[in-house]
Amino acid sequence: MKKSLLVLTAALMFGSLASAQTTATASAPQVPALTDVPAGHWAKDAIDRLVSRGIILGYPDGTFRGTQNLTRYEAAVIIARLLDQIRGQGTGNMNSDDLVALQNAVQELAADLAALGVRVSDLEENSVNKDDFARLEARVEEVAALNGDATAIANIQSQIDDLASRADEYDTLRADVDDNASSIAALNDLTVLLNQDILDLQDRVSAVEAAQADFVQRSDFDNLAGKVTTIDTRVTKLENAPKFSVSGTLGANYGRIAITGANQTIGVDPKTGLPASISPNFDVDRLTRQTFADNAFSNGAAKCWDTNGFAASGPVNCIDTNNHDYMSDSYLVFGVKASNLSTANGKFVVNNAAVNFYTKDPFKGSSDVLVAIDNVSADGTLNGQKFDVRYEPYRSSFKFNDYLFNNDNVSIGTDAGTVGRRGIVANIQADKLPLQPKLTVVVGTATPFVNPTLNYTEVKQLNGESFKPPRYSGYTLSDARAPLVGNYYGIRASVNPAGYGTFGVSFAQMDGGANSGAYSYLAADGVTTVSGNATWTVPGRSALGADWDLGFGVKNADGNSPFTLKGVYVASVAHSQSTFLTNGAANVAQNLMKSIDTAFYTDAKADLGIAKLGANYRYISGEYDSGKAGMSGNDNSYYADARHSWAYGPDNQGFGAGVGTNLGPIALAAYGDSYRIISEGTDRYVNFGVSAGVKFFGLKALGFYNSSKAAGNTIGADNNNFTYNLTTPYMDVADVPFAFSSTYGGVLSHDGKAADALIKNLNFTVADAYFYQSNLKANDLQVYGDYSGTIAGITIAPFGRYHMFSTPSDAVVTDTNNGTGGVPAGWYSGQSYSTWKVGVKASTQPLTSIPLQPSLFVNYAQRETTIKATNAKASELLGQVGVTLNQFILPDMKASLGYAYYQGYNVAAIATGSSQSGASATYSPKADRIYASPFSGGATPFAGDDFGSQSGQLNGIFGQLDWNGLTANYGIFKYNASNSATGASTRSVAQAFKVGYTFKF
């Protein structure tokens, strides 16, 4: 009897009982590991299961000995263990297949035992007992004593040996039978158990057969399956069928903001002797910004212009109280969307298509409500190639590169800035063409969207007078106002060669056309107002372009290549008779080449691990200023906040290089840059700088030295590139503080977001720079920092700044060498002053344990600037406080109440903010100002002593109720201002009420 038979039998039994053995298994002793069972043996899984259940434990030396015969003793032990587990758990979890397999195994073992019994019986029938054997042995000895026949004796001896052998085998078999008696008895018991289970299973089968008449027939199943298939086919057709839906948003507003209080004008104009007049209208955004009512009463930057006719840089620069009717802000936008559209052959598939509409002033009773198309779009596949197309009636958005067809700025509503662009933009991923290019096609017509008031110098230019803005030859009013006029067309193709990045080629053209504008300005006598209208023509243009953004080498974990090359080339030509129609083809080509306005730059960078390198070359014609040569609305000077994205400004030819190291805590950097203003000739600006320092625990300590020269003369700063407190390294590789200036000094800073920061969320900077140009010798010291965190459930963000600018003897110093590049001599001029600025923002989450669940906020900022020589002061103060009841009367209803106060003294303006970055500067430690001058531009520390003549206060109380899309606002605002130069003062009160509802469907 082989072990394999017992293993098969026990494995079958134990597999059936596995689910019933979880309790026993959990308490079983640690199982031995059998070292001689091959990993791929067909019985290994069964052996492992028997070992894990304690049925087989193996020999003391850790072996199984699978090829060795199983003794009856071993079989008895194994079967006894198995029976113990069966008796303890039963066979209720065994299925019919397990029972049949187990029964077959038992029958096979029983047959083996039966064969053994036959052999035993045969031996018993032919055996000799000990008495017979003794008599035979005595007979042999007797024959030997009588010297009998030797042959007969040999035969008798052979018979005796054969009998002895059979007797030995009999004794062995008998011992086996005796030893196996317990196994046979155990098998008999197991058979009884199995027979009972088989009988039970047969009863269950009989019951099922008896109930078969109540079962569904196979045909029923087939019929049901057919119905399911039919339904599934219909569902699939419905899913793939065209679908249509309507959605939209209704924004209804009612209310007005206007002056309600009496205006008081005191004093006279010293030039005219007439009563001075200061506009009673004012901006309220400064009071509500960064509160729950932010933008609630705003007139918006997109709807006002500054005094030069350019777009205001932000809401704080616009007055809000000029009788603005909020009904004009109402709108209704809705659209129809379709999906799953395709041709019969499936080659043209539209996944999504939409037509969106809008209404202007839908609630005004003075005019008809007009419904207009807002946009039309579609996307899908054309012969398996993805495409998308979009039509815009007012603000078509597209961009070929940073210097060509850069028209992707989209303003609020239908106001697209200087130019309305009505057209189509289509993209297709042409995978079936060579190199698999992405194609972009644009076509449309452009019309000046606004005719802003022209300023004095522009009117003089139109009248043929001598004024021309410096730096840009050929600069005309048309350049500033409408870079894209008339019909326009363009196509761009971009590819990814060998996976190295993007390379694109473009063609763009516009037809040009007429433009016009109204003007009004105060004449030189300070009394007479001059006004009128002007008309001019914008010539057409054609341009070819190429752009590349390539990477080489093995990319790092962030997906960046160690070597990169990025750049643009654009050749643009204005349409004119002298360009194309001359005497002879040679002259045409010659004139054409002379007429090309070129924009070219390329940046090459390398990341070597321990160092980063960068180098560049650029040539950008002055005609690209204001977007003229590139037909780019984003670059138009109409936008005071410079929405262009060019890498290098216009009218610039130059080159530069930088290096920065990554040597653990050691920080080294250097840069050099040389360029010329093309329109000025050959005089060059030459800048270079170096820095060295260490980095540790979020701290960085750098010493630096910079040199800036124009036409060979040392200047305090290169006004074309110098930006005060700039933190962006040169070409993103060379971190040299105060680059593009003639300075030396040091900077110590701490980054609160660094992984090894000393104090998380604490940022501070100590920067000292000495402007060593001989006419300046001015020192600039800044200490500023901020922190953000949560203490006792209150989120706080305190900040502070101290700024001291020092000149020799506190006198006014002037950089007389800096008279080039469109900057007059004396641009960098200033005297000693100091500024301190402090503030904090604090707020809570809803206090859920208090009725109405209130949340609170408090904002505070204050600064003061003092001119040391005269002790003259300018100051600003802003305070905001508010509470929101987050569960007010009805579920999800919020009620908020706030109060704000602003005060300015000797600043540029009180009625509006004069800071171009008011939102970021207000609570920023990096800027001296809050909302007004001095130091409004932030580009140079020399302007910090430029005080204004306005002083006054602005305050207001305002509330808001918000519930499920319904918003109601009310506010009362008071304005009080005075002019120290004229002695005039003005007071006014404005009231605002607005109810709005937004509903999406």
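Here the structure is a predicted model, which means the values were calculated and not measured.

### With respect to the side chain of S691
Structurally, S691 is set in strand β20 (residues 684-696). In terms of polar contacts, S691 uses its side chain to reach the backbone carbonyl oxygen of D735, at 2.8 Å.

### Here we look at the environment of G499
Positionally, G499 belongs in the loop between β10 (486-495) and β11 (501-510). For G499 and L550, which are 51 residues apart along the polypeptide, the C-alpha to C-alpha distance reads 8.9 Å.

### With respect to the nonpolar core
Counting residues in hydrophobic clusters, the biggest one holds 28 residues, and the most contacted among them are F282, F297, Y902, F973 and Y975. Elements that contribute at least two residues to this core include exactly β33 (894-907), β34 (950-963), β35 (966-979) and β36 (985-1000).

### Focus on the packing of aromatic side chains
This model, assessed by the stated rule, comprises 36 aromatic pairs. Ring geometry for F348 against F387: centres 5.6 Å apart, planes inclined by 15°, an arrangement best described as stacked. Residue F348 is found in strand β5 (residues 348-360), and its partner F387 is found in strand β7 (residues 385-392); the two are separated by 39 residues along the sequence. Pairing Y403 with W646 gives two aromatic rings, centres 6.5 Å apart and planes at 20°, and the pair type is stacked. Here the residue Y403 occupies a position in the loop between β7 and β8 (419-429), and W646 occupies one in the loop between β17 (611-620) and β18 (652-661), the gap between them amounting to 243 residues. Between R65 and the ring centre of Y59, over which it is positioned, the NZ or CZ distance is 4.1 Å. Across the ring face of Y394, the terminal group of R422 is positioned such that the distance to the ring centre comes to 5.3 Å.

### Observations concerning unusual backbone geometry
Of note, the phi angle at F740 is positive, near 65°, even though the residue is not glycine. One can find F740 in the loop between β22 (713-714) and β23 (743-750). With a phi close to 60°, D810 is a non-glycine residue in the positive phi region. Classification of D810 as partly exposed rests on a relative accessible area of 22%.

### Section: the confidence of the model for the protein chain
On average, residues of the protein chain score 76 in pLDDT, and 65% of them reach the 70 mark or higher. Predicted confidence is poor over residues 305-311, with pLDDT under 50, and the contacts of this stretch with residues over four places away or in other chains come to 23 contacts. Between residues 411-416, whose pLDDT stays under 50, and residues either more than four places distant or in other chains, the model counts 16 contacts.

### Quick word on the side chain of D547
Along the chain, D547 turns up in strand β14 (residues 541-552). Polar side-chain contacts of D547 include one of 2.4 Å to the side chain of R492.

### Here we look at the pairing of β36
Pairing of strand β1 (residues 243-259) with β36 involves eleven bridges; the strand directions are antiparallel. Along β36, the bridge assignment pairs N253 with G996. The sheet contact formed by β35 and β36 spans 13 bridges and is antiparallel. In the sheet register, G971 faces β36, and the bridge partner there is A992.

### Digging into the pattern of salt bridges
The tally for this structure, following the rule as stated, stands at 16 salt bridges. In this structure, R541 and D597 form a salt bridge, with 2.9 Å as the shortest nitrogen-oxygen distance. Taken together, the residues span a long stretch of sequence, with R541 in strand β14 and D597 in strand β16 (residues 597-607) at a distance of 56 residues. With respect to class, R541 is no different from D597; both count as buried.

### Considerations on the environment of K1000
By secondary structure assignment, the location of K1000 is in strand β36. K1000 sits 750 residues away from L250 along the chain, and the two C-alpha atoms are 6.4 Å apart. Discounting chain neighbours no more than four positions away, the residues touching K1000 are G248 and T249.

### Section: helix α3 (residues 44-52)
At 3.6 residues per turn, the α-helix brings residues three or four places apart onto the same side. Buried within α3 are the following residues: A46, I47, L50 and V51. Each buried residue of α3 sits inside an arc of 135° when the element is viewed along its axis, so together they form one side. One or two steps after α3, the chain reaches G54, where phi turns positive at roughly 80°.

### Some words on the pairing of β14
Judged by how many residues are buried, β14 sits mostly within the fold: nine of twelve residues are covered. Across ten bridges, β11 lies against β14 in antiparallel orientation. From the neighbouring strand, S506 faces β14, where its bridge partner is G545. Here β14 runs beside strand β15 (residues 563-574); their pairing, made up of twelve bridges, is antiparallel. Directly across from L544, in β15, lies its bridge partner A571.

### Considering the environment of V840
Secondary-structure assignment places V840 in strand β30 (residues 833-844). A relative accessible area of 26% places V840 in the partly exposed class. Between the C-alpha atoms of V840 and V858, which are 18 residues apart in sequence, the distance is 8.0 Å. With residues near it in sequence (within four places) discarded, V840 still touches A797, P798, F799, V858, N859 and Y860.

Conventions adopted
- Residues numbered from 1 in each chain as written.
- Predicted model: local features only at pLDDT ≥ 70, side-chain atom pairs only at ≥ 80, totals over all residues.
- Heavy atoms only, no water.
- Helix = DSSP H or I, 4+ residues; strand = E, 2+ residues; numbered from the N terminus.
- Polar contact = N/O pair within 3.5 Å; in protein donor to acceptor, adjacent residues only side chain to side chain.
- Core = buried A, V, L, I, M, F, W, Y, C linked by side-chain atoms within 4.5 Å.
- Buried < 20%, exposed > 50% of the residue type's maximum accessible area, 1.4 Å probe, protein only.
- Phe/Tyr/Trp six-rings, centres within 6.5 Å; stacked < 30°, edge-to-face > 60°.
- Lys NZ or Arg CZ within 6 Å of the ring centre and 35° of its normal.
- pLDDT = per-residue confidence, 0-100.
- Contact = heavy atoms within 4.5 Å.
- Pairing = 2+ DSSP bridges.
- Salt bridge = Lys/Arg side-chain N within 4 Å of Asp/Glu carboxyl O.
- Arc of directions from axis to C-beta.

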